[in-house]
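Next come the chains, spelled out residue by residue.
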Amino acid sequence: MKSLKTIGLKTVGALIAATVMASAVPALAAGGAQHAHEPKEGFSFTGPFGTYDQAQLQRGYKVYREVCAACHSMNLLSFRNLGEKDGPFYDPKFKNPNDNPVVKQIASEFEVADIDSETGDAITRKATTSDRFPAPFPNTAAAAASNGGAVPPDLSVITKARHGGASYVYSLLTGYKAPPAGLKIAEGQHYNPYFPGDLTSAWSGDHKHVPAGGVLAMAPPLSAGQVTFDDGRESTLSHQAADVAAFLEWAGEPKATLRKKTGVAVLAYLLLFFGLTYASYRMVWRGKH
Amino acid sequence: MSDHPSTYVPKTGIEKWLDSRLPIVRLAYDSFVDYPTPKNLNYWWTFGGILSVCLAVQIITGIILAMHYTPHIDYAFNSVERIMRDVNYGWLIRYVHANGASMFFFAVYVHMLRGLYYGSYKAPREVLWILGCIIFFLMIATAFMGYVLPWGQMSFHGAVVITNLIGSIPVIGTPILTWLQGGFAVDQATLNRFFSLHYLLPFVIAGVVILHIWALHVSGQNNPAGVEIKSKEDTVPFTPYATVKDGVAIIAFLFLFSVFVFFMPNSLGHADNYIQANPLVTPAHIVPEWYLLTFYAILRAIPDKFLGVVAMFGAIAVIFALPWLDTSKVKSMRYRPVMRWFFVIFVVVCLGLGWCGAQLPDAQVIPGFPSFNLIDGQLNSYLWLTRLFTLYYFAFFLFIMPWIGLKEDPLPVPASISEAVLAEHNKKKG
Amino acid sequence: MSEPENAAAAGHDDPSRRDFIYIAAGAAAVGTVGAIAVPLVAQMNPAADTLALASTEFDLTKVQEGQQVVIKWRGKPVFIRSRNATEIKAAEDTPLSELKDPQTDAERVKAGKEQWLILVGSCTHLGCVPTFGAGDYGGWFCPCHGSHYDTSGRIRKGPAPTNLVVPEYDFLTDTRVKIG
């Protein structure tokens, strides 16, 4: 059974290579910030079979809408995305999200800039499902001016753009705390042990024990009771943070559920295909070894 | 294509008609059906077929992506995300293309190390080897330019760092750099031309691949025993024997590929590349993709900027010269008891260089371990570990290869492939 | 046509003359290729709109003492740093013998305007943007390959070969500079 043994070795080799390749990346993230963690109850979308929890996405959307959206844009998302398959307001009755009454209702709550097609004047009108989420500031200069010089990052792909993804968002939102004694924090800045940064220059203590984390311009945005959940979930800081992190994860990777489902089918098919080809191989090579 | 006489017999009238005008079916038949293949090829030999699949996958997905991508600094990032969100199956095609690059390099490294271990570069296969080296070099150029296209933070600053390497050439460096970037910084002109060249180069690679296969069919395949084909007993026809074996390996490879595409599509990339490029801010840790880390580490090992660039390109150039650096008369390291161990160390060193390339040079290798300052850095730092590995990398090619080849007593080499197969068969039974 | 020339046409011509024709034809071919190559190569150089780079003016009152502002000029970042007294003193007191690329602080600022340090914010190693206030010398630290710059933007440690570049600039008034 030489061939089987070789295959076994090869698979092990490939897996080791894959592990090395995959683990090499997080090692880079260790830039002095505290390691991000999931909420206690975990996230429903982790793992190869994880899917989004629609109720959680709806709550997360509410947190985004009522808190985050005041400063953070979400330029890559349109209202219709909310009603697409696996989205927060998907309804199997409305395959076309543009017909979904909830999505229509949400869109109509926003005003977007447009040009009057008859007069050519700049006007604002009610948003439609195909419009993008309007940004809170007209441009980055305005965003910086309103936020003490720091531009609030766009949240469309924030979970893909940060090491730790949704866990990072959750940890950051719940992780604000008083700076340790000896750390000089400038006006308008806030200490957070999960925010990647280098505090060496602001730290008056021993240079070997610089505190983890960094400072950011965003004040702690969430607090208990700030958002009232429609489904009666207790509005704790942790719940709000977990829900909005889940919503942002969906916003960054709306096709994740479809991707994983397709993946399971593809791998199962390949396994069968492999078995058949390997059997053919044994038959072809019989007596030749 | 080879010395092997053609055995193709056109059966139908159409085949006969075509064969006397353009014998393309004959060429394909002689090259991929009747072609005599050494019968002792192991699974390491399937990576050539795997690489053909990789190239095809990248070209097909790439052409599709180009239908939806916009090479403009204001739209590139968003057009990639639009592919992921709105284009039908766009997420699949883009993830296949992005992870496909990693898979391609993984396979090419295995393929190259196989050639190194079994002496596939030695006479009469020097040209075959050099063509392979050219393909590898073109792959690096293509992958680098492709990585710039999504116009994320890593794309942009990677392009800045790599194009600035050219600027380190004395005197003519800066004009060439400006010419290459089409401006005084990486900008719209750079992105646009990189897109054009990223589309072009895969077809150049495909052309060199044809030459590579042509050269392979002239000299015939090497094999684990490292002895040439002596008689018909030594070979099996390519189809079905090699095709079915390649098929098994390709499917196993696609399985690994799919695991990445469907379940960890971003694990080989950098989070920073999901932030749109901003010329005014450099990400905290700028590192190339994993497959270039080995060469990147060599670049950083040398304190002088220009010499660092020379060393990095030298690390690739030395592979081209390999056929003339190895003095051994024996091809396969199976029969080279000393060299085999230097090969193992070489593989570890290459992986080690890759690891070092991802670390900060000043960081401690063993945290807290006492150390002292040596010339320009702590001894217990990735800087010095990288230098140690770099030294071995070059010593392996320039010193160990020629020297061990002369000094080593190789084990007895089998008289023929069939003898080698028989010996192995008996060993397994006994 | 005279007799000898007819003989030449029949294949008995003067070899040097025949070579001359061939060489001239060959040279013309090379010239053609060269002439075609000129536009094909030159198109890669900066286009007219890229070359039409305006200079930029900046209001210094926007920079707080001890801070820097980054503006974009010719596609590259420019640091405008307002140095405090300790930073200026540290830069002025550094002996030239400690420097890899010796330059006094006075050569890098305008006389009487020592507070203002204006630099192209592009690491001289491989062009990354150095981080403000980090590194061992309180100036900048390049995150790419670990170059440390002091409060005069001079390279002190790491792979960068030269100091951060001081662009051409002039003070229009006490609070306004023109860069470029």
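Residues numbered from 1 in each chain as written. Chains lettered and ligands numbered in written order. Predicted model: local features only at pLDDT ≥ 70, side-chain atom pairs only at ≥ 80, totals over all residues. Heavy atoms only, no water.

A. Expanded view of the overall build of chain B. When you go through chain B residue by residue, the secondary structure sums to 16 helices and four strands. Its C-alpha radius of gyration of 24 Å places chain B within 12% of the 22 Å reference for a compact globule of 430 residues. Seen through its C-alpha atoms, chain B measures out along the principal axes to roughly 65 × 60 × 45 Å. Within chain B, the proportion of its 430 residues that are buried is 56%. The average position of the 27 basic charges and that of the 24 acidic charges among the side chains of chain B differ by 6 Å. (Helix = DSSP H or I, 4+ residues; strand = E, 2+ residues; numbered from the N terminus. Rg over C-alpha atoms; globule rule 2.2 N^0.38 Å. Buried < 20%, exposed > 50% of the residue type's maximum accessible area, 1.4 Å probe, protein only. Lys, Arg positive; Asp, Glu negative; His and termini not counted. Charge placed at Lys NZ, Arg CZ, Asp CG, Glu CD.)

B. Up close: the overall build of chain A. Scanning chain A from terminus to terminus reveals seven helices and four strands. Going from N to C terminus, chain A has its helices and strands arranged as α-α-α-β-β-α-α-β-β-α-α. Looking at chain A as a whole, 41% of its 289 residues qualify as buried. Long-range pairs, those at least 24 residues apart, make up 59% of the contacts in chain A between residues at least 6 apart in sequence. Of the roughly 14,700 Å² of accessible surface on chain A, 60% is carried by carbon and sulfur atoms. (Contact = heavy atoms within 4.5 Å. Areas by Shrake-Rupley, 256 points an atom, 1.4 Å probe, with all protein chains shown as cover.)

C. View of the side chain of Ser102 of chain B. Residues and elements named next belong to chain B. In this fold, Ser102 is placed in helix α5 (residues 90-117). Polar contacts involving the side chain of Ser102 include one to the side chain of Trp290, which spans 2.9 Å. Once residues within four sequence positions are removed from consideration, Ser102 is found in contact with Leu268, Trp290 and Tyr291. (Polar contact = N/O pair within 3.5 Å; in protein donor to acceptor, adjacent residues only side chain to side chain.)

D. Quick peek at the pairing of strand β1 (residues 111-115) of chain A. Residues and elements named next belong to chain A. Judged from the five bridges that link them, β1 and strand β2 (residues 122-126) form a sheet pairing that is antiparallel. Residue Glu111 lies in a different strand from β2, and its bridge partner there is Lys126. Hairpin connection, β1 to β2: the antiparallel pair is bridged by six residues, and Gly120 has positive phi, about 80 degrees. (Pairing = 2+ DSSP bridges.)

E. Representation of the pairing of strand β2 (residues 68-73) of chain C within the structure. With six bridges connecting them, β2 of chain C and strand β3 (residues 76-82) of chain C associate as antiparallel partners. Note on β3 of chain C: the bridge partner recorded for Ile71 of chain C is Val78 of chain C.

F. Geometry of the side chain of Glu289 of chain B. Residue and element names in this part refer to chain B. Looking at the secondary structure, you find Glu289 in the loop between α10 (238-263) and α11 (293-301). The side chain of Glu289 is buried and forms no salt bridge, while Arg94, the nearest opposite charge, is found at 8.7 Å. Residue contacts for Glu289: discarding those within four places in its chain leaves Tyr147, Leu268, Gly269 and His270. (Salt bridge = Lys/Arg side-chain N within 4 Å of Asp/Glu carboxyl O.)

G. Expanded view of the interface of chain A and chain B. The interface is formed by 51 residues belonging to chain A together with 53 residues belonging to chain B. Between the two partners, chain A and chain B, sit two salt bridges. Here Lys160 of chain A makes a salt bridge to Glu81 of chain B, at a shortest N to O gap of 3.3 Å. For the interface between chain A and chain B, the tally reads eight residue pairs in polar contact (both at pLDDT 80 or more). Tallying contributions element by element places helix α7 (residues 256-285) of chain A first for the side of chain A that touches chain B, with 18 residues. Here the residues of the side of chain A that touches chain B are counted per class, giving 29 nonpolar, 12 polar and 10 charged. (Nonpolar A, V, L, I, M, F, W, Y, C, P; charged D, E, K, R; others polar.)

H. The pattern of salt bridges, seen in detail. A full pass over the atoms with the stated rule returns 32 salt bridges over all chains. Here Asp86 of chain B ties to Arg80 of chain A by a salt bridge, and the two come within 3.1 Å at their closest N and O atoms. Linking Asp86 of chain B in the loop between α4 (76-85) and α5 with Arg80 of chain A in the loop between α2 (54-66) and α3 (101-108), this pair reaches from one chain into another. We note a salt bridge from Arg154 of chain C to Asp150 of chain C, for which the minimum N-O separation is 3.1 Å. Taken as a pair, Arg154 of chain C and Asp150 of chain C share a single burial class, namely buried. Linked by salt bridges that have partners in common, Glu41, Arg59, Asp231, Arg233 and Asp243 of chain A make up one network.

I. Main features of the sheet that holds β3 of chain C. Residue and element names in this part refer to chain C. The three strands are arranged β2-β3-β4 in an open sheet whose pairing can be described as antiparallel. Taken across any chain shown, the strands that pair with only one partner, and hence form the sheet edges, are β2 and β4 (116-120). Neighbouring strand axes in the sheet, compared pairwise and without regard to direction, differ in orientation by 20 degrees on average. (Axes fitted to C-alpha atoms, helices over the stretch in contact; angles between N-to-C directions.)

J. The packing of aromatic side chains, seen in detail. All names here are of chain B. In the structure shown here, the tally under the stated rule is 49 aromatic pairs over all chains. Where Tyr8 meets Tyr29, the ring centres are 5.5 Å apart and the plane angle is 45 degrees; that geometry is what we call tilted. Residue Tyr8 is located in the segment before α1 (13-19), and its partner Tyr29 is located in helix α2 (residues 24-32); the two are separated by 21 residues in the primary sequence. On the accessibility criterion, Tyr29 (28% relative accessible area) is partly exposed. Both rings, one in Phe136 and one in Phe295, keep their centres 6.1 Å apart while their planes meet at 50 degrees; by these two values the pair is tilted. (Phe/Tyr/Trp six-rings, centres within 6.5 Å; stacked < 30°, edge-to-face > 60°.)

K. Inspection of the packing of helix α6 (residues 126-148) of chain B against helix α9 (residues 188-219) of chain B at higher detail. All names here are of chain B. Two elements in contact, α6 and α9, have axes whose closest approach is 8 Å; the angle formed by their N-to-C orientations is 160 degrees. Here α6 is positioned roughly antiparallel relative to α9, judged by the angle of their axes. As for the relative orientation of α6 and α9, their crossing is left-handed in sense. (Parallel < 35°, antiparallel > 145°, perpendicular 65-115°, else oblique. Left-handed = near helix turned anticlockwise from the far one by under 90°.)

L. Expanded view of the domain arrangement of chain B. Residue and element names in this part refer to chain B. Domain boundaries assigned for chain B yield domain 1 (45-225 + 246-288) and domain 2 (300-326 + 337-409). On a C-alpha basis, the centres of domain 1 and domain 2 stand 24 Å from each other. Facing the 20 residues of domain 1 at the interface are 21 residues of domain 2. When the two sides are added together, the surface that domain 1 and domain 2 hide from each other amounts to roughly 1,900 Å², 83% of it contributed by carbon and sulfur. (Domains from an automatic or database assignment. Buried area = accessible area lost by both parts, 1.4 Å probe.)

M. Representation of the confidence of the model for chain B in the model. Looking at chain B, pLDDT values average 93 and 99% of them are 70 or higher. Predicted as a complex, the structure gets a pTM of 0.88 and an ipTM equal to 0.92. (pLDDT = per-residue confidence, 0-100.)

N. Quick look at the nonpolar core. Tyr393, Phe396 and Phe397 of chain B are the most contacted members of the largest nonpolar core, which totals 140 residues. Beyond its immediate stretch of four places on either side in the chain, Phe397 of chain B contacts Val318, Ile319, Leu322, Leu325, Phe346 and Pro402 of chain B. Within the second largest apolar cluster, 46 residues are counted, among which are Leu57, Cys68, Ile106 and Leu172 of chain A. (Core = buried A, V, L, I, M, F, W, Y, C linked by side-chain atoms within 4.5 Å.)

O. View of the sheet that holds strand β5 (residues 131-132) of chain C. Residue and element names in this part refer to chain C. The strand order β5-β6-β7-β8 describes an open sheet built from four strands, whose pairing is antiparallel. The open sheet is flanked by β5 and β8 (155-157), the only strands paired with a single partner. Here strand β6 (residues 140-141) pairs with strand β7 (residues 148-149) via two bridges, running antiparallel. Residue pairing across strands places Trp140 opposite Tyr149, the latter belonging to β7.

P. Up close: α9 of chain B. Between its terminal C-alpha atoms α9 of chain B stretches 46 Å, which fits the 46 Å expected from 32 residues at 1.5 Å a residue. Gly220 of chain B sits one or two positions beyond α9 of chain B and adopts a positive phi of about 80 degrees. (Expected span 1.5 Å × (residues − 1).)

Q. Region of the structure containing unusual backbone geometry. Residues and elements named next belong to chain B. Put simply, Ala123 and Pro124 share a cis peptide bond, and its omega is 5 degrees. The residue Pro124 is located in the loop between α5 and α6 in this model. The step from Thr239 to Pro240 runs through a cis peptide bond, and the omega angle for that step is 10 degrees. Locating Pro240 in the fold gives a position in helix α10. The phi dihedral of Tyr89 falls on the positive side, at around 60 degrees, and the residue is not glycine. Its place among the elements puts Tyr89 in the loop between α4 and α5. The exposure class assigned to Tyr89 is exposed, which follows from its relative accessible area of 56%.

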